[in-house]
Amino acid sequence: MHLSRVGISKLCFLLSLVFCAFLLLLIPGLQPPRRQGDLPQPRPQGKTGWVKGGSVDQQPLKPSVLQLIRAATPGPDTEGVLDMKEWPVGPLQTVDKRSERAEVLGRNLSAYDPDKRDSSAYSSSSSRQDLPVKEPLKQGDIFIAVKTTRKYHKSRLDLLFQTWISRAKKETFIFTDGEDKELREKAGNQMINTNCSAAHTRQALCCKMSVEYDKFIESGKKWFCHVDDDNYVNLASLMRLLSSYSHTQDVYLGRPSLDHPIEAAERVKSDGSISVKFWFATGGAGFCISRGLALKMSPWASLGNFISTAEKIRLPDDCTIGYIIEALLEVKMIHSRLFHSHLENLQRLPIDTVLSQVTLSYGGFESHRNVVSVGGAFSLVEDPSRFKTVHCLLYSDTNWCSSKRRP
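Read on for a plain summary of the structure.

Reading the values: rules and limits
Residues numbered from 1 in each chain as written. Predicted model: local features only at pLDDT ≥ 70, side-chain atom pairs only at ≥ 80, totals over all residues. Heavy atoms only, no water. Core = buried A, V, L, I, M, F, W, Y, C linked by side-chain atoms within 4.5 Å. Buried < 20%, exposed > 50% of the residue type's maximum accessible area, 1.4 Å probe, protein only. Helix = DSSP H or I, 4+ residues; strand = E, 2+ residues; numbered from the N terminus. Disulfide = S-S within 2.5 Å. Phe/Tyr/Trp six-rings, centres within 6.5 Å; stacked < 30°, edge-to-face > 60°. Lys NZ or Arg CZ within 6 Å of the ring centre and 35° of its normal.

## Description of the nonpolar core
What tends to happen in soluble globular proteins is that the nonpolar side chains get buried as a cluster.
Part 1 of the reasoning: Formed by 44 residues in total, the largest nonpolar core has its most connected members in Ile 142, Trp 164, Ile 174, Leu 238, Leu 242, Leu 360 and Val 372.
Part 2 of the reasoning: Elements supplying a minimum of two residues to this core: strand 3 (142–147), helix 4 (153–162), helix 5 (181–187), strand 6 (223–228), strand 7 (232–233), helix 7 (235–242) and helix 12 (387–394).
Part 3 of the reasoning: Broken down by element, the residue count for this core peaks at five residues, all from helix 7.

And the structure:
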């Protein structure tokens, strides 16, 4: 009987140990989840954590995607910056030092290049432009922001004012980083000195985009379209494209420079970081955002919040736009092949579709020229960007076009 009681005591002791261990296992599950802020957070993708130059995932992106992005826009606190000279350079070189890093970036990340696919995708018959008008638009409904820097006021902006801006003076706003008397005379109050740094860094780019966003919201216009100072904007094509959408809907139109979503690690104050994937429209080709969507971006973009949002993911301005829209607001980007940047091989753009594109660009004027293949009254020496040629084909009534007409 004594032995039986001892055995029962031992059994009870062991059972109590098992029960305590079970309770310990349950305690973490019973705790409330940690708060990650009051604003919506992006959905985690894969494993979490931060790795210098990239983020952890079961299937990582192409080598050091974030390092290459940051190398294109270096800053004083940029981590994992690569020496771009170590990377192979393709057949297209650029003499524009501002975009040398971006050129390499585009090639080494397998830039989204539809040139290798069905060329009919470039024609208006296969684009959104052939759909019925959903919302009649006036040109005055569009806010076109041109990002530039003081050193390109003469070499780049003069060409834009001579061509497409001459047809959209009231709708075009120049965002720069330094005062310029001559430019002020041309643009008036629509030249905005952002007082941002003139350096081509992530911080400077985000500073300018922050001002662009705020000025658009103040304008009350229906559409925000951002372009660079090396873009030609075909106003008629832009109007046709935007009129097939409603400005009150969530619309984010543009062209990615990558053939896959970018991955970033969002830094959260006390909870480490979470990995997110999202598409973004490259600013070098231009992009458009409806007012309805822009207003929803306000908590992360207005009154300087854009800069702090960009710091969370430590990526440039166009990537941050995509992050806010796709990762935070969960609105999908609409991919369009009608937008073009100097990262593409522009010579492959079918000649018969050039005049139906929304934006064009140019690059490399010396040994390797990257421009659209379109003929006209201007020679390559007279018109190395081909912007004058395109403009005269679109607007033959332009004074200086008529003087170049061939007999």
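## As for the state of the cysteines
Here a disulfide denotes a covalent bond joining the sulfur atom of one cysteine to the sulfur atom of another.
Part 1 of the reasoning: Counted according to the given criterion, the structure contains three disulfides.
Part 2 of the reasoning: The disulfide partner of Cys 196 is Cys 207, and the gap between their sulfur atoms is 1.9 Å. Across the S-S bond linking Cys 196 and Cys 207, the dihedral sits near -75°, which makes this disulfide left-handed. Of this pair, Cys 196 sits in the loop between strand 5 (191–193) and helix 6 (202–219) while Cys 207 sits in helix 6; the two residues are 11 residues apart in sequence, bridging distant segments of the chain.
Part 3 of the reasoning: When the bonded cysteines of the protein are counted from the start of the sequence, the pairing works out to 1-2, 3-4, 5-6.
Part 4 of the reasoning: Of the cysteine sulfurs around Cys 319, a residue in no disulfide, the closest is that of Cys 206, at 8.7 Å.

## Some thoughts on the packing of aromatic side chains
Part 1 of the reasoning: Counted under the stated rule, the structure contains 11 aromatic pairs.
Part 2 of the reasoning: Ring centres 6.4 Å apart and planes at 70° place the aromatic pair Phe 224 and Phe 287 in the edge-to-face group. Of this pair, Phe 224 sits in strand 6 while Phe 287 is found in strand 11 (residues 287–290), placing the two residues 63 residues apart along the sequence. Note on accessibility: Phe 224 and Phe 287 belong to one class, buried.
Part 3 of the reasoning: Here the aromatic cluster, defined as three or more aromatic residues joined through ring pairs, consists of Phe 143, Phe 173, Phe 175, Phe 216, Phe 224, Tyr 252 and Phe 287.
Part 4 of the reasoning: Against the face of Tyr 152 rests Arg 156, its NZ or CZ located 4.0 Å from the ring centre.
Part 5 of the reasoning: The ring of Phe 216 is capped by Arg 291, whose NZ or CZ atom sits 5.3 Å from the centre of that ring.

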